[in-house]
Amino acid sequence: MVSSLTGALVGWPWKYLGNYKYLLLAPWMVHSIYSYITKEAEERDFIYLYIFPLLLWRWIHNQMWSTFARHRTAKGYNLLVEKGLEFEQVVAEEDWDDQIIFTGMLLYGFVRYTNLASDLPWWRLDGAVIIMLTHAGPVEFLYYWIHRAFHHGSLYTTFHAVHHAPAHNEPRTAWTHTFAENLVFFGLFFMAIGAALMTRTLSIGSLTMYITYVDYMSVLGHCNFEFVPKRLFIIFPPLKYLCFTPSFHSIHHTKYKTNYCLFMPFYDYVYGTWDESSDSFYEAGITKAEEPPAVLHLTHLTTPESIYHLRLGFSSFSTMPLATKWYLKAMWPITMVCMILTWIYGKIFTVEVNTFKKLKFQTWCIPRYNMHYSVRWQREGINHLIEEAILEADDKGIKVLSLGLLNQSEELNRNGEHYLEKFPKLKVKLVDGSSLAIAVVLNSIPKGTTEVLLSGKLSKIAYAIATSLCHLGIQVVTSSEDQYEKLKAKLAPEYRRNLLLTKQVTQKVWLVGEDLTEKEQRKAVKGTKFIPFSQFPPIEVRKDCFYLNTPAMVAPKSFRNLHSCENWLPRRVISAWRLAGILHALEGWNVHECGDMIFDVDKIWEAALQHGFHPIPAPSAA
C-alpha cells in the first residue's frame, strides 16, 4: 500500500497519455469559451476565459528562456559548470510542461466550482502588495524548511533526487520534479494568491504578475551562466538577501547541503546554510570571458519547419531527426513569422557548442533556407554572410572552419574556392569535408560488391567516388549518356573499362546524389541499397529497399554536449562534412580542403576510427 502510494506520488497521473495529455485541458477550454459566448454580458466572468491565454503565456515565457539560455551557453561566456547537456537529460525533461497542465486544471476547477475568483478587477495595488508580502514571509520561509527536509533520507531518494539528477542545469530543469513535490510547491504558491483572495484584493494583473514572477525566478536560478549585473548589488546592497542568482542556486545543485532558498537567500543567511563560496563563484561567473572554439561549423536552415528542430528551438523536436509532421504544417502562420524574423535579423547566430579531447567546437547558422540558395539573386548576399563568418573566425584565432550543406555548393562558391581566392592570407583553414564523405560512402559499400549504379546529380564527391571504385576494379554503371561522358572524361584510359553505360538496371547497390527522381527509384530491383553521397537525403519511395543515411559517423560517448540531432541524422550522429573539420583540428592538419582539393581519403578515415568515431550500423530490414 505504501509503495503504491509512493509510486503514484512520483510520476504524473497522466504520464501514460503521452502527447495526448494536452487534451486534458480541452474540455475546460471549450466550456470557458462556450460560457463566455452564451451568457449575457453582465453574467460573463472573464477570468474563466482568461485561464487559457495565461497558460499559453507561461508556455511561451518558458520557451523564450530555453532559447535564450541555450544560445548563451553555446556562446560560451559566463558559464558556471563545465558539464555537457546530453540526450538523456533532454528526454527526461520533456515533461517539463506537466506543471502547466496541472496549473490549468487547478485554476479551471477553482474558478468553475467556487465564487472566490469571480469578477476579478484588472488591477489592485493592495492585492499585489499582499501577494508580495505573503510570498516573502510564509511562502519563502516554509519552502526553505520543506526543501531542507526533501534533502534528507528517503524523501530525497524517493522524491527530490530526480531534480538533482541532471549534470547540467538549464531552464527546463526548474520544472523537473515529482508529482508529490509539485503538490507541495503549488500549495505554497497558492498561499500568496489565497491571501489576496481572502482579503478580496486579488486582480487579474497581480495574478498574472505573480505567476510570471515564479516562472521567471525558477528558470533564472537554473541557467548555467551568470548574467545578473553586478551593479544592481552595488546600487542596492540588500538585494543580495532578497534575490538569488544563477550562480547561487548552481552551488546548491553541486553541493546539495547549502543554498536551500526558493528565491530569497535571506533564510540561508539566517539559518547558516549560505555557502561561503557564493560570492566568489558569482564573481568568477560574471567575469568569465568567451573562449573561442578550435573549430567552427557553418550550416544553414533547410526547410521552413527546420527552425523548430534547431537546438535553440523546441527541445522535444531537436532530439529527433528532422521530419515533416502534420502539426508543424498546421503551424504555418507561426512558421512564416519565424522566416520573416530571421530574414529581417539577417545575422549569423550561434547554435551549438561541443567539446571533445579538450577541444571546443561551435556551430553557427546562416539565417537562410534551402530555397534562398536556389535563387540566383540571393547568392551574393549569402556569400557575404559566409565571408563575414570566415573573417570573424580568422580574427578570433579559430583553426578550422567547415562549410556545411549548401554553404559549399559549386554554384555558390565553387566548393569554397571563391573564399581562398578573395582572402589568400587566411589563417583559418577552410574544409568542405569531401574526403571524409568519400571515405564513408566507399566503406558503406558491402564487401564483395562487383558493380554499383551511380545516379543523381554529379558533384566533386561523385567524380572522386567513381574514380576510386574504377581503380579498385569495381564497375561503375550509369544509365545517363551525359553522365557517362562526364565521368569518362575524368578517368584515365586504363580505368575506363570499368565505367559502363546501360539501360538494364540490375545492380543492388546504388550510389545516389541530389535530384534522384521517383521514376529512377522505381527501376531498382527489390532489396536495392541506396547509399547517398549528397548533402541531402533522397525522398524514400521504395518500401522494399534499403536507404542509408547521408555520409556521417557515430560520435563516441566522450564527445560532450551533443543533445540535438543534426538535421535528418539520428541521435549522436555527425555529418561527414562537419566531422572532417573536427578531425583536421584534432590531427593538426594545417591545410585547406575546398575547391578541387581533396584530402587523403584513407588517412582521414583512419583518423576518424582512431578517435572513436564509427560507421552508422547498416539497416537490417527494409
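Residue indices begin from 1 for each chain and proceed along its sequence in written order. This being a predicted model, a pLDDT of at least 70 is required before a residue's local features are given, and a value of 80 or more before pairs of side-chain atoms are given or counted; all residues contribute to the totals for chains, interfaces and linings. Note that the side-chain values use all heavy atoms of the structure and ignore hydrogens as well as water.

**Let's talk about the overall build of the chain**
Link 1 in the chain: The numbering of helices and of strands both runs from the N terminus, where a helix is a DSSP run of H or I of at least 4 residues and a strand a run of E of at least 2. Across its full length, the chain carries 28 helices and 14 strands.
Link 2 in the chain: Overall, the chain is about 95 × 60 × 55 Å in size when its C-alpha atoms are taken along their principal axes.
Link 3 in the chain: Only protein chains enter the accessibility calculation, which uses a 1.4 Å probe; a residue whose area is less than 20% of its type maximum is buried, one above 50% is exposed, and one in between is partly exposed. Within the chain, buried positions represent 53% of all 622 residues.
Link 4 in the chain: Between two residues, a contact is recorded if the distance between any of their heavy atoms is within 4.5 Å. In the chain, the share of contacts with a sequence separation of at least 24, taken over all contacts with a separation of at least 6, comes to 70%.
Link 5 in the chain: Using a 1.4 Å probe, the Shrake-Rupley method yields the accessible areas, and only the shown protein chains count as cover for residues. Accessible surface for the chain amounts to roughly 28700 Å². Of this, 62% is attributable to carbon and sulfur atoms.
Link 6 in the chain: In the chain, the 60 positive side-chain charges and the 57 negative ones have mean positions that sit 3 Å from each other. Counted as positive: Lys and Arg. Counted as negative: Asp and Glu. His and the chain ends are not counted at all. Every charge is mapped onto a representative atom, which is NZ of Lys, CZ of Arg, CG of Asp or CD of Glu.

**Brief notes about the layout of surface pockets**
Link 1 in the chain: Think of a 1 Å grid over just the protein atoms. A cavity is a set of points where a 1.4 Å probe fits yet cannot get out, a pocket is an open set with protein on both sides within 12 Å along at least five of seven lines, and lining residues have an atom within 4 Å of a point. Grid points are joined across faces, edges and corners, and a volume is the space filled by probe spheres set on the points. Approximately 1200 Å³ is the volume found for the second largest pocket.
Link 2 in the chain: What lines the second largest pocket is a set of 49 residues, among which Gly513, Glu514, Ser534, Gln535 and Phe536 lie closest to the centre.
Link 3 in the chain: Tallying contributions element by element places helix 24 (residues 460–471) first for the lining of the second largest pocket, with five residues.
Link 4 in the chain: Each residue receives one of three labels: charged for Asp, Glu, Lys and Arg, nonpolar for Ala, Val, Leu, Ile, Met, Phe, Trp, Tyr, Cys and Pro, and polar for the others, Gly being one of them. Of the residues that constitute the lining of the second largest pocket, the class distribution is 20 nonpolar, 16 polar and 13 charged.

**A look at empty space enclosed by the protein**
Link 1 in the chain: What the rule picks out here adds up to four cavities of 30 Å³ or more.
Link 2 in the chain: Approximately 360 Å³ is the volume found for the largest cavity.
Link 3 in the chain: Contributing to the lining of the largest cavity are 29 residues, with Thr299, Leu310, Cys565, Glu566 and Asn567 lying nearest its centre.
Link 4 in the chain: When residues of the lining of the largest cavity are assigned to their parent elements, the largest contribution, three residues, is made by strand 1 (residues 295–300).
Link 5 in the chain: When the residues that make up the lining of the largest cavity are grouped by side-chain class, the tally is 12 nonpolar, 13 polar and four charged.

**Here's the deal with the sheet that holds strand 2 (residues 349–356)**
Link 1 in the chain: Strand pairing is assigned whenever DSSP identifies at least 2 bridges connecting the two strands. Strand order in the open sheet formed by five strands is 2-3-1-4-5, with mixed pairing between adjacent strands. Of all the strands in the sheet, just strand 2 and strand 5 (429–431) have a single pairing partner and so form its edges. Taking the axes of each pair of neighbouring strands and ignoring which way they run, one obtains an average angle of 25 degrees across the sheet.
Link 2 in the chain: Inspection of the sheet shows strand 1 paired to strand 3 (residues 359–366) by six bridges, in the parallel sense. Paired with Leu298 across the two strands is Trp364, which belongs to strand 3.
Link 3 in the chain: All axes here are fitted lines through C-alpha atoms, helices being fitted over the stretch that makes contact, and every angle between N-to-C directions spans 0 to 180 degrees. In the packing of helix 3 (residues 46–75) onto the sheet, the strands contacted are strand 2 and strand 3, and the crossing angle to strand 2 comes to about 55 degrees.

**Observations concerning the nonpolar core**
Link 1 in the chain: Grouping buried Ala, Val, Leu, Ile, Met, Phe, Trp, Tyr and Cys residues that are joined through side-chain atoms within 4.5 Å yields what is termed a nonpolar core. If you look at the biggest cluster of nonpolar residues, it comprises 58 residues, and the most contacted ones within it are Leu436, Leu511, Phe559, Leu583 and Phe613.
Link 2 in the chain: Elements with a minimum of two residues in this core: strand 3, helix 23 (434–444), strand 6 (451–455), helix 24, helix 25 (481–490), strand 9 (509–512), helix 27 (576–587) and helix 28 (601–610).
Link 3 in the chain: Here this core takes eight residues from helix 27, the largest share from any one element.
Link 4 in the chain: Apart from the residues within four sequence positions on either side, Leu436 is in contact with Met553, Ala576, Leu579, Ala580, Leu583, Ile604, Trp605 and Ala608.
Link 5 in the chain: Counting 50 residues, the second largest nonpolar core, distinct from the first, contains Ala69, Trp96, Phe185 and Phe225.

**Concerning the pattern of salt bridges**
Link 1 in the chain: The salt bridge criterion pairs a side-chain nitrogen of Lys or Arg with a carboxyl oxygen of Asp or Glu, the two atoms within 4 Å. Inspection of every chain in the model, using the stated rule, returns 25 salt bridges.
Link 2 in the chain: As a salt-bridge pair, Asp98 and Lys21 come within 2.8 Å of each other at their nearest N and O atoms. Of this pair, Asp98 sits in helix 5 (residues 98–113) while Lys21 sits in the loop between helix 1 (2–10) and helix 2 (26–38); the two residues are 77 residues apart in sequence, bridging distant segments of the chain.
Link 3 in the chain: Here Asp98 falls in the buried class, since its relative accessible area comes to 2%.
Link 4 in the chain: By relative accessible area, which is 3% here, Lys21 ends up buried.

**Considerations on the packing of aromatic side chains**
Link 1 in the chain: Centre distance within 6.5 Å is the pairing criterion for rings of Phe, Tyr and Trp, where only the six-membered ring of Trp is used; planes under 30 degrees apart are then read as stacked, over 60 as edge-to-face, and the remainder as tilted. The final tally for this structure, using the stated rule, is 48 aromatic pairs.
Link 2 in the chain: Here Trp12 and Phe102 contribute two aromatic rings whose centre-to-centre distance is 5.8 Å and whose plane-to-plane angle is 70 degrees, an arrangement assigned as edge-to-face. Note that Trp12 is positioned in the loop between helix 1 and helix 2 and Phe102 in helix 5, a separation of 90 residues in sequence. Accessibility classification places Trp12 together with Phe102 in one group, the buried group.

**Details of the pairing of strand 6**
Link 1 in the chain: Here strand 6 lies mainly inside the structure; four of its five residues are buried.
Link 2 in the chain: In this structure, strand 6 lies alongside strand 7 (residues 475–478), joined through three bridges in parallel fashion. Looking at the pairing, Glu451 lines up with Gln475 of strand 7.
Link 3 in the chain: A clockwise path from the first strand over the helix to the second, with the strands pointing away from the viewer, defines a right-handed crossover. Regarding topology, helix 24 serves as the crossover connection from strand 6 to the parallel strand 7, and that connection is right-handed.
Link 4 in the chain: Sheet topology places strand 6 next to strand 9; three bridges connect them, and they run parallel. Note that in strand 9 the partner of Leu454 across the bridge is Leu511.

**Here's the deal with the packing of helix 2 against helix 5**
Link 1 in the chain: Orientation of helix 2 relative to helix 5, taken along the N-to-C sense of each, is 40 degrees, at an axis distance of 10 Å. It follows from the interaxial angle that helix 2 and helix 5 lie oblique. Crossing hand, helix 2 versus helix 5: left-handed. Taking contact as the criterion, the partners of Trp28, Met29, His31 and Ser32 in helix 2 are, on helix 5, Tyr108, Gly109, Arg112 and Tyr113.
Link 2 in the chain: Across the contact of helix 2 with helix 5, the residue classes break down as four nonpolar, three polar and one charged. Any angle that is under 35 degrees is reported as roughly parallel, and any over 145 degrees as roughly antiparallel; angles of 65 to 115 degrees are reported as roughly perpendicular and all others as oblique. Crossing handedness: left-handed means the near helix sits turned counterclockwise from the far one by under a right angle, and right-handed means the same turn made clockwise.

**Structural notes on the packing of helix 23 against helix 24**
Link 1 in the chain: Where helix 23 meets helix 24, the axes come as close as 10 Å, and the angle between the chain directions of the two elements is 50 degrees. Taken together, helix 23 and helix 24 sit at an angle that is classed as oblique. Note that helix 23 runs across helix 24; the crossing there is right-handed. Along the contact surface, helix 23 presents Ser434, Ala437, Ile438, Val441 and Leu442, while helix 24 presents Lys460, Ile461, Ala464, Ile465, Ser468 and Leu469.
Link 2 in the chain: Taken together, the residues of the contact of helix 23 with helix 24 break down into eight nonpolar, two polar and one charged.

Limitation: the analysis is restricted to geometry and does not speak to function.
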